[in-house]
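Now for the letters of each chain:
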Amino acid sequence: MAKKQISFFKSIKGKIVIPVIILLSILGIASFMGISILLDFVNTNVADNSKKVFDNTINERIVENVNLVYSSIETIGSRALQEVAFFTKLPEIQNAYKIALSGNIEDEYSPEGQKAREMLRVILKPYIDGYKEQTGRSLLKLHFHLPNARSIVRLWRNGYQTTRDGVKIDVSDDLSSFRNTVLQINSGSHKPISGIEVGRGGFAIRGIAPLTESSGQHLGSVEVLFAFNEIFDIIKTSDQIEYAVYMDADQLPIAKSLADPKKYPVLENTYVLTDATNKEITDPLVSLSLLNNGREKIFSEENGNYVLSTFPIYDFSGRTVGVMFQTMNIAVQHADFAAARQNMAKLSDEVTSGTGIAFLIAMIILSVIIIIIINKIIKPLTILNDYAVKIGDGNFDIIIDNKLSLKKDETGVLSTSFSRVVESLQYKSSMVEEVAQGDLTADVRLASDEDMLGHSLVKMNESLNSLLGRVHNSISQVNTGADQVAQASQSLSQGATESASSLEEVSASITQINSQSRQNADNANEANTLAKQAVVDAEEGNKQMETLRMSMEKINSSSDQIKKIVKVIDDIAFQTNLLALNANVEAARAGKYGKGFAVVADEVRNLAVRSSQAVKETTEMVEESIKNINSGNKGVEHTAKQLESIMTGSSKVADFLEEISAASREQAQAIDQITTGLDQIDQVTQSNTASAEESAAAAEELASQSTELKNMIATFKLKSVDYTNIPRQIEYEPEKAPGRTLTLQNETGIRQVNPSEVITLDDDDFDRF
Amino acid sequence: MANNDLENNVLLLDDEDPDTPNNKYLLFHLGKEEYGIDIAQVTAIEELPNITVIPDMPEYIKGVINLRGKVIPAVDLRLRFGLKEREYDNRTCIIIVKVKDNTIGFIVDTVSEVHDIQKSNIGAPPSFKNASRHNQYIQGLAKQGEEVKILLDVEKLISGEDQNILNDIPEE
């Protein structure tokens, strides 16, 4: 057998190297991918988190800014209140008020009012001038009101109070229609108020305090107001932040000075822009929805580089009267953020590629080491394989190199074991050689209890011994059997001949039955024809009966006619009788002269009586004949019925006969088949006879062949085994000389049979024909 | 007595034949019984014609008949004799009798013959103790062979109240 070529993939080297390399590759790729996924994850997470932080920072800044707006409104409000407080208790002012109140305060042209107004202007001039000089602000907006919410004087206007139809007039004009703060402080609690209120000029931050005399009398109120944009100085903390102030458009009827849409544009009829820190920036960014969203609370959204936020403006009473709009430029922050993210991505890319290269190098080094180790293991295996190939080719003439066995590793152990295998095989081949020589006496030495081949050899030895012994025995049995077969064949031949003659007899009987059943069929046919004729005859009889019945009916009707005629005759006879009697009466009356006439009358009467008698008899006879006809009619009907039943009976008979005929025909056919079957049996019997003779001859031949076999078996050298112990029904007699034995042994299983028992031909067997 | 003998002699002289008209009877049937009437009293024997019913008459007077222009009362003899009534048939006859200018019809089952009855064969009518006067019209009983024929006296039959009734019926 040629040395088998192992492909690299199937070899141990392949089986170790390929999975290791694949495993390493998978490990490398997986780690590489893991690292890149991890980096990606970290990247995105950091980006997300920093975005959140960024947003939170911005939001915090917005809230800070809004709080600053509200606190600055409050600060300015309280400043106004502080400033106004200075004027509440000045006696000169109170005196001027008293003058004003002494007049009709409802009259705006009241002279007392005018006087008080001028007094106040004079008294307060130094305050106004001082304020202007020290603060650098244009004017202190100081405003005095009467208790009925009329303005007594506005100290920032020079010698007039208000403008009507383009004319400046100096009157105590009415404020009650729109100045809620004034109304509130002059009625009720007289508590100071500060905060935003919409006036003619839009939002104003006001501080308003009551004027109360030392006696406790309420004189009116005084107010200091600042423009809303005063807070811009406080709240505009950086260049990136801009503000715009939007007042609700429904405040326009009060804020009449803002009624110019060119100066104060109206947004969607809802909001009026009253002030802005930088219109160029805020205008394009504002929208109605943004402002509406900020009516309730702070609202913010990002728009490009800007964060836009809106929040409500509350007046002194806490009512929302407008919305403030704030823009924050976050372009710088955005740029910083983007740069940071880019750096991060670059870093992760570098880490990824570095890891990949490291894994590749590690893998190559590992693969080389593994291949060297495997080669060391595989070399002894290759040598051992060459030996195994020789053994496989059936060549056990092998000497194993000691160097291999001396190795301390697994290959050394394998080599030692291999040596044992070779030794064992060499021993067993020598044993088989002995058997081949025909010597079955040798004992086989076992290498161990598990020595399968050894056990098999022992078994083979024993089996061959036993088998050949049995073959010897069997040949004797065959001899005997052959004799018995010869005898049985002869008996068989004789039996076949006997059955052939029996068959001939059966055949003759069958032929007779056949002709009888055909005769039967013919007879049935004829009877059928006769029965059919009977049916026809009965029908004819029936017709005749009908004719007879009709004739009788005619007679019946004729009898009725006769009865009528007879009746007429009877009547005539009666009348004749009457006539005769009358004649008699007449004759009697005639006395002796009527005597002769009386005789004639008597004669006539006698005739009448006789004819009456005849009539009576005729009637009786006619009635008798009618009665007879009636009974005849019944007889006819009865006969007709009987004829009909004859008809049906006859047709049934015909049917039955037809069936009998058909059955007989079928019978005849069946008998034909039986005959054919018998012929076949006859043939079989004859061929049986021939076969029996042949088998007798064959048995003779068999006996001589078995003798020859016995001689051939004698060439084997057998162990002296007691064959009687072999589990077998046959007794073996080795001492007996070879030859034919004619004694019959029941143990052979062949029974001597009587041929008549084998072929039993009962009548029952023909049933199926 | 002598008168009687004489009378018999005269008759014998008139006619030697012993069969004098007095001995001729018209025989008729009412049920099984046969009755006889002296033929001298009979005018005619007729088949039963249509009867016109007369109101308020005794049951046995069935009404009147028109016989060749003469109106004659018709008496059902069965009812007259208190026998069971019988439906009339084509043998039913009416016997017209005339007694002392009274003509009357007797309805009978049927007439049979004119028969001579010797006087010697005629017996007296039965005389029962309590016999009502109604049956005085039986003239006698004639024996003939095994049978007995009841001979009626027409004159007595239509006398009394019957006569009165009959007289009420106008003849023409």
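Look above for the structure.
We now turn to the structure provided with this report. (Residues numbered from 1 in each chain as written. Chains lettered and ligands numbered in written order. Predicted model: local features only at pLDDT ≥ 70, side-chain atom pairs only at ≥ 80, totals over all residues. Heavy atoms only, no water.)

Counting its secondary structure elements, chain A contains 13 helices and 13 strands. Only carbon and sulfur atoms are counted for the fraction: they give 57% of the accessible area of chain A, which is about 46,000 Å². (Helix = DSSP H or I, 4+ residues; strand = E, 2+ residues; numbered from the N terminus. Areas by Shrake-Rupley, 256 points an atom, 1.4 Å probe, with all protein chains shown as cover.)

Looking only at helices and strands, chain B features four helices and eleven strands. Within the span of chain B, comprising 172 residues, buried residues form 42% of the whole. By sequence separation, contacts in chain B at least 24 residues apart represent 55% of the contacts at least 6 residues apart. (Buried < 20%, exposed > 50% of the residue type's maximum accessible area, 1.4 Å probe, protein only. Contact = heavy atoms within 4.5 Å.)

A contiguous patch of positive charge on the surface is contributed by Lys 376, Lys 379, Lys 403 and Lys 407 of chain A. Mapped onto the elements, Lys 376 of chain A comes out in helix H8 (residues 331–392). (Patch = residues over 30% accessible without salt bridge, like charges linked within 9 Å, V, L, I, M, F, W, Y side chains within 5 Å. Salt bridge = Lys/Arg side-chain N within 4 Å of Asp/Glu carboxyl O. Lys, Arg positive; Asp, Glu negative; His and termini not counted. Charge placed at Lys NZ, Arg CZ, Asp CG, Glu CD.)

Residues and elements named next belong to chain A. This model, assessed by the stated rule, comprises 33 salt bridges over all chains. As a salt-bridge pair, Lys 125 and Asp 129 come within 3.1 Å of each other at their nearest N and O atoms. Placement of both Lys 125 and Asp 129 in helix H3 (residues 111–135) is noted, with a separation of four residues, approximately one turn of the helix. Since its relative accessible area comes to 36%, Asp 129 is described here as partly exposed. Glu 546 is the salt-bridge partner of Arg 549, the closest N and O atoms lying 2.8 Å from each other. Of this pair, Arg 549 and Glu 546 both sit in helix H11 (residues 452–589), three residues apart, which is roughly one turn of that helix. Arg 549 gets classed as partly exposed once you look at its relative accessible area, which sits at 22%. The network of salt bridges with common partners includes Arg 179, Glu 197, Arg 206 and Glu 223.

Before going further, it helps to spend a moment on the nonpolar core. Soluble globular proteins tend to pack their nonpolar side chains together in the buried interior. Counting 59 residues, the largest nonpolar core has Ile 93, Leu 142, Phe 144, Phe 228, Ile 231 and Met 324 of chain A as the members making the most contacts within it. In terms of residues, this core owes the most to one element, helix H1 (residues 12–85) of chain A, which gives nine residues. Once residues lying within four places of it in the same chain are set aside, the contact partners of Leu 142 of chain A are Val 84, Phe 87, Leu 124, Val 153, Arg 154, Leu 155, Trp 156, Val 222, Glu 223 and Val 224 of chain A. If you look at the next biggest cluster of nonpolar residues, it comprises 35 residues, including Leu 26, Phe 81, Phe 106 and Val 111 of chain B. (Core = buried A, V, L, I, M, F, W, Y, C linked by side-chain atoms within 4.5 Å.)

What follows is about the interface of chain B and chain A. Listed as interface residues are 20 residues of chain B and, on the opposing side, 18 residues of chain A. Summed over both sides, the interface between chain B and chain A buries roughly 1,600 Å², with carbon and sulfur atoms accounting for 51% of that surface. Interface area lost by chain B to chain A is led by Ile 45, Glu 47 and Arg 91 of chain B, which between them contribute 30%. Where chain B touches chain A, the interface holds two salt bridges. Note that Arg 91 of chain B is salt-bridged to Asp 570 of chain A, the shortest N-O span being 2.4 Å. Taken together, the residues that form the side of chain B that touches chain A break down as nine nonpolar, four polar and seven charged. (Buried area = accessible area lost by both parts, 1.4 Å probe. Nonpolar A, V, L, I, M, F, W, Y, C, P; charged D, E, K, R; others polar.)

This is a description of form; function is not addressed.
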